[in-house]
Amino acid sequence: MLGIHDWWLFIISGVLLNLMPGPDTLFIMSKSASQGWKAGVVASLGICSGVYVHVFAAAFGLSALLATSATAFVVVKLVGAAYLIYLGWMTLRQTVRATSEANTPVVQAKQPLFTIYRQGFLTNALNPKVALFFLAFVPQFISADATNTVLAFILLGTVFDMSSLIWCTTVALFTAFASERLQVGAGVKAWLNKVVGGLFIALGIRLAVSAQS
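Because the structure is predicted, anything quoted here is derived from the model rather than measured.

Engineer: What should I look at first to understand the overall build of the chain in this one?
Structural biologist: The helix and strand inventory of the chain stands at nine helices and two strands. Secondary structure elements of the chain occur, N-terminal to C-terminal, as α-α-α-α-α-β-β-α-α-α-α. The contacts of the chain with a sequence gap of at least 6 include a subset with a gap of at least 24, amounting to 84%. Accessible surface computed for the chain: about 11,100 Å², of which carbon and sulfur atoms make up 70%.

Laid out in structure tokens, this is it:
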């Protein structure tokens, strides 16, 4: 169909790639642990929506520009790195404290769901490494004589994104359930925010100094 081959291999590869932990997983877990399952699911939707930026970019050849133009890659890379560092800094600023009376955890500066969605979307959309991944990975499953490579790209990207959404949603729900079940205290949530914030800053710095490959 549309020149796509080895469907089973593509699906298995996509599932295994989605299972690998990364900044997306950290972002989802931090939102689920601090604000509940709805925040985690919204973060998952934002991240998976951001994937489509790279799916369409690869389908219409825009990702090839990042692969061949050093200037374009550096510009997008620095913007993405700056956003990751900003996201890490904002996460570090979030504080969790206990009330003086009932010792009930209270999350300060609770983020609106749309803000969480936007953050998840931009985390993926501004990462040039994701664009290059789609440009390198997806064409391996499209025949050279495919009748419509654009539709083939979009179809494979959608299949990959749906498996990613299932995994991300599972992570969000499990993290929220575990956080509630284990009655994670304010101190633990504050520690988690610090760890995730620090990791985002580290990932941003790593992206900024990474080479085009």
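Having put the structure on the table, let's press on.
Engineer: How should unusual backbone geometry be read in this particular structure?
Structural biologist: Most peptide bonds take the trans configuration, and most residues that are not glycine carry a negative phi. If you check the backbone angles, aspartate 6 has positive phi at about 55° while not being a glycine. Structurally, aspartate 6 can be placed in the segment before helix 1 (7-19).

Engineer: Explain the packing of aromatic side chains here, please?
Structural biologist: Aromatic ring pairs are reported here in terms of the distance separating the ring centres and the angle at which the planes meet. Following the criterion strictly, the structure yields five aromatic pairs and no others. Between phenylalanine 10 and phenylalanine 141, the ring centres sit 5.2 Å apart and the planes meet at 75°, which makes this aromatic pair edge-to-face. One end of the pair, phenylalanine 10, is in helix 1; the other, phenylalanine 141, is in the loop between helix 7 (128-137) and helix 8 (149-181), and 131 residues separate them in sequence. Taking relative accessible area as the criterion, phenylalanine 141 reaches 5% and is therefore assigned buried. The rings of Phe10, Phe137, Phe141 and Phe160 are connected pair by pair, giving a single aromatic cluster.

Engineer: Got a minute to help me understand the nonpolar core in this structure?
Structural biologist: Proteins that are soluble and globular tend to have nonpolar side chains buried together. If you look at the biggest cluster of nonpolar residues, it comprises 18 residues, and the most contacted ones within it are Phe10, Phe134, Val138, Ile142, Phe153 and Leu156. Looking at this core, the elements that each hand over two or more residues are helix 3 (37-59), helix 7 and helix 8. When residues of this core are assigned to their parent elements, the largest contribution, five residues, is made by helix 8. If near-sequence neighbours (up to four positions away) are discounted, phenylalanine 134 is found in contact with Val51, His54, Val55, Ala58, Pro139, Phe153, Gly157 and Phe160.

Engineer: Just checking my understanding: could you explain the side chain of serine 44 for this structure?
Structural biologist: Mapping serine 44 onto the fold places it in helix 3. Under the relative-accessibility criterion, serine 44 is labelled buried at 0%. Serine 44 has contacts with Ile28, Leu165, Cys168, Thr169 and Ala172, leaving out every residue within four places of it along the chain.

Engineer: Would you mind going over a nonpolar patch on the surface with me for this structure?
Structural biologist: Residues Trp8, Leu9, Ile11, Ile12, Val15, Leu16 and Leu19 make up a contiguous nonpolar surface patch of roughly 640 Å² in combined accessible area. Counting through the fold element by element, leucine 16 comes out in helix 1. Among the residues examined, leucine 16 registers a relative accessible area of 52% and is labelled exposed.

Engineer: Can you walk me through the confidence of the model for the chain in this structure?
Structural biologist: In regions of low pLDDT, the predicted coordinates are not meant to be interpreted in detail. Confidence in the prediction for the chain averages 78 pLDDT; 78% of positions are at 70 or higher. The weakest mean pLDDT in the chain belongs to strand 1 (residues 96-98) at 40; the strongest belongs to helix 3 at 91. Taken as a whole, residues 96-108 scores under 50 in pLDDT and shows 21 contacts with residues more than four places along the chain or in a different chain.

Engineer: How do you make sense of helix 1 when you look at a structure like this?
Structural biologist: Residues spaced three or four apart along an α-helix face the same direction, because each turn holds 3.6 residues. Between the first and last C-alpha of helix 1 there are 18 Å, a value that for 13 residues agrees with the 18 Å anticipated at 1.5 Å per step. Those residues of helix 1 not exposed but buried are Phe10, Ser13, Gly14 and Asn18. Projected onto a plane normal to the axis of helix 1, the buried residues spread over an arc of 130° and lie on a single side. Turned more than 90 degrees off the buried face of helix 1, the exposed positions are Trp8 and Leu16. If you follow the buried residues of helix 1, they end up packed against helix 7 and helix 8.

Cut-offs applied
Residues numbered from 1 in each chain as written. Predicted model: local features only at pLDDT ≥ 70, side-chain atom pairs only at ≥ 80, totals over all residues. Heavy atoms only, no water. Helix = DSSP H or I, 4+ residues; strand = E, 2+ residues; numbered from the N terminus. Contact = heavy atoms within 4.5 Å. Areas by Shrake-Rupley, 256 points an atom, 1.4 Å probe, with all protein chains shown as cover. Phe/Tyr/Trp six-rings, centres within 6.5 Å; stacked < 30°, edge-to-face > 60°. Buried < 20%, exposed > 50% of the residue type's maximum accessible area, 1.4 Å probe, protein only. Core = buried A, V, L, I, M, F, W, Y, C linked by side-chain atoms within 4.5 Å. Patch = residues over 30% accessible without salt bridge, like charges linked within 9 Å, V, L, I, M, F, W, Y side chains within 5 Å. Salt bridge = Lys/Arg side-chain N within 4 Å of Asp/Glu carboxyl O. pLDDT = per-residue confidence, 0-100. Expected span 1.5 Å × (residues − 1). Arc of directions from axis to C-beta.

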